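So the chains spell out like this:
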Amino acid sequence: MLTVAEAVRQRRSIRSFKQIPVPDKMILDMLEAARLAPSGSNSQPWRFVVVTDAQEKKDLRRLCFNQAFVEDAGVDFVICTDLSAYSKEGYQKRRQESMDAGIVSASEIDDATYQRYIDSITSAPTSQITPATANTYIAAEHIVLMATALGLGSCWVGGISDHKAVRDMLGIPRGILVLGIIAVGYSDIEPKARPRLPLEEILLRPFPSPVDVT
Ligand SMILES: Cc1cc2nc3c(=O)[nH]c(=O)nc-3n(C[C@H](O)[C@H](O)[C@H](O)COP(=O)(O)O)c2cc1C
C-alpha cells in the first residue's frame, strides 16, 4: 500500500476504467477511511450510498451529464450530507461528548458569543449547508486517497444534472443532500499530472518570510 505522501503525489483523476469489479474488502477500506475523517465538533455529517449494480451505474451516468466513467467505474460512492448534524439537537447531542472528551468546558460551551455562533448555524438549513458540505468533502477525499493507496483510480464527480433524481433513484431521505459522486475502479490509463498553481501564487504572504532568511 502507498504511503499518504505517495498517494497525494501519485493521485490523478481517472476517467477510464477496466471492466474489473472492485473487491468488497477494498470498498470497506475506503468507507473506513471516510468514517475516520475529522469534522467540526465531531459532527460526522457524511452519508454514503455504495453503487456497484450495473443498471444503477448506468442510471447514475445519465444523471451526471452522461459522463461515461460513472457507468464504467467498479463502484460509485454517492456522497451525501445530513443537515441534521447541524440542527440544535445535533449540537446538543454532541455537547456532553465534547465535555467528556475534555475538549471544551461547560462554561466555554455556554459562553454567549459561542451560543450566538451556534444559533447562527442552527437557525436555518441554508446556514447548515456550508459546514455540512465542507466536512463531508473531507471524508470524500479520504475515499480518494485510500483508493490511490490501494492501487485504484478515482474521479470526483460534481457534475450531476439532477440531484433530486439521484435522491429518488436511491431512496435517499429528505434532509440528506447529494453532494457528488466518487467513481472508483482499476485504471485503464496513466494520465499526466494536471498543472497546479506555483507556491508563490497560493501563498498570501511569502514563506519563509524574507526576514527569517539570513
Ligand atoms: C468537487 C470536484 C468536482 C469534480 N467534478 C468532476 C466531474 O464532474 N467530471 C470530471 O471529469 N472531473 C471532475 N472533477 C475532477 C477535476 O476536473 C480534477 O480534479 C482537476 O482537473 C485536477 O486534475 P487531477 O485530479 O487529475 O489532478 C472534479 C473534482 C472535484 C474536486
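Residues numbered from 1 in each chain as written. Predicted model: local features only at pLDDT ≥ 70, side-chain atom pairs only at ≥ 80, totals over all residues. Heavy atoms only, no water.

Caption draft 1: A look at the nonpolar core. Ranked by internal contacts, the top residues of the largest apolar core, which has 21 residues, are Leu 60, Phe 69, Val 78, Val 166, Val 178 and Ile 181. Looking at this core, the elements that each hand over two or more residues are α3 (54-63), α4 (68-72), β2 (75-82), β3 (153-157), α9 (163-170) and β4 (176-185). Counting residues per element, this core draws most heavily on β4, which supplies four residues. Dropping the residues within four chain positions of it, Leu 60 is found in contact with Val 51, Val 70, Asp 76, Val 78, Val 166, Met 169 and Ile 181. Of all hydrophobic cores here, the second largest spans 19 residues; its members include Met 30, Ala 34, Val 75 and Leu 150. (Core = buried A, V, L, I, M, F, W, Y, C linked by side-chain atoms within 4.5 Å. Buried < 20%, exposed > 50% of the residue type's maximum accessible area, 1.4 Å probe, protein only. Helix = DSSP H or I, 4+ residues; strand = E, 2+ residues; numbered from the N terminus. Contact = heavy atoms within 4.5 Å.)

Caption draft 2: How the structure looks around the packing of α3 against α9. Here α3 crosses α9 at 165°, and the two axes come no closer than 10 Å. Our classification of the angle between α3 and α9 gives roughly antiparallel. Crossing of α3 over α9 shows right-handed handedness. Judged by residue contacts, Glu 56, Asp 59, Leu 60 and Leu 63 of α3 engage Ala 165, Val 166, Met 169 and Leu 170 from α9. (Axes fitted to C-alpha atoms, helices over the stretch in contact; angles between N-to-C directions. Parallel < 35°, antiparallel > 145°, perpendicular 65-115°, else oblique. Left-handed = near helix turned anticlockwise from the far one by under 90°.)

Caption draft 3: Representation of the site of the ligand within the structure. Lining the immediate surroundings of the ligand are 14 residues, of which Arg 11, Ser 13, Arg 15, Gln 67 and Arg 196 lie closest. Within the contact set of the ligand, an oxygen atom lies 2.6 Å away from a side-chain nitrogen or oxygen of Ser 13. Arg 196 has a polar side-chain atom sitting 2.8 Å from an oxygen atom of the ligand. Computed on the free molecule, the ligand has an accessible area of 620 Å², of which 69% lies beneath the protein chains in the complex. Top contributing element to the shell around the ligand by residue count: β3, with three residues. A breakdown of the residues in the shell around the ligand according to their chemical character gives five nonpolar, four polar and five charged. (Near = heavy atom within 4 Å. Polar contact = N/O pair within 3.5 Å; in protein donor to acceptor, adjacent residues only side chain to side chain. Areas by Shrake-Rupley, 256 points an atom, 1.4 Å probe, with all protein chains shown as cover. Nonpolar A, V, L, I, M, F, W, Y, C, P; charged D, E, K, R; others polar.)

Caption draft 4: Local environment of the sheet that holds β3. On the basis of which strands lie adjacent, the open sheet formed by four strands has the order β1-β2-β4-β3 and antiparallel pairing. Of all the strands in the sheet, the pair left with one neighbour each is β1 (46-51) and β3. When the angles between neighbouring strand axes are averaged without regard to direction, this sheet yields 25°. Pairing between β1 and β2: six bridges, direction antiparallel. Directly across from Val 49, in β2, lies its bridge partner Val 78. (Pairing = 2+ DSSP bridges.)

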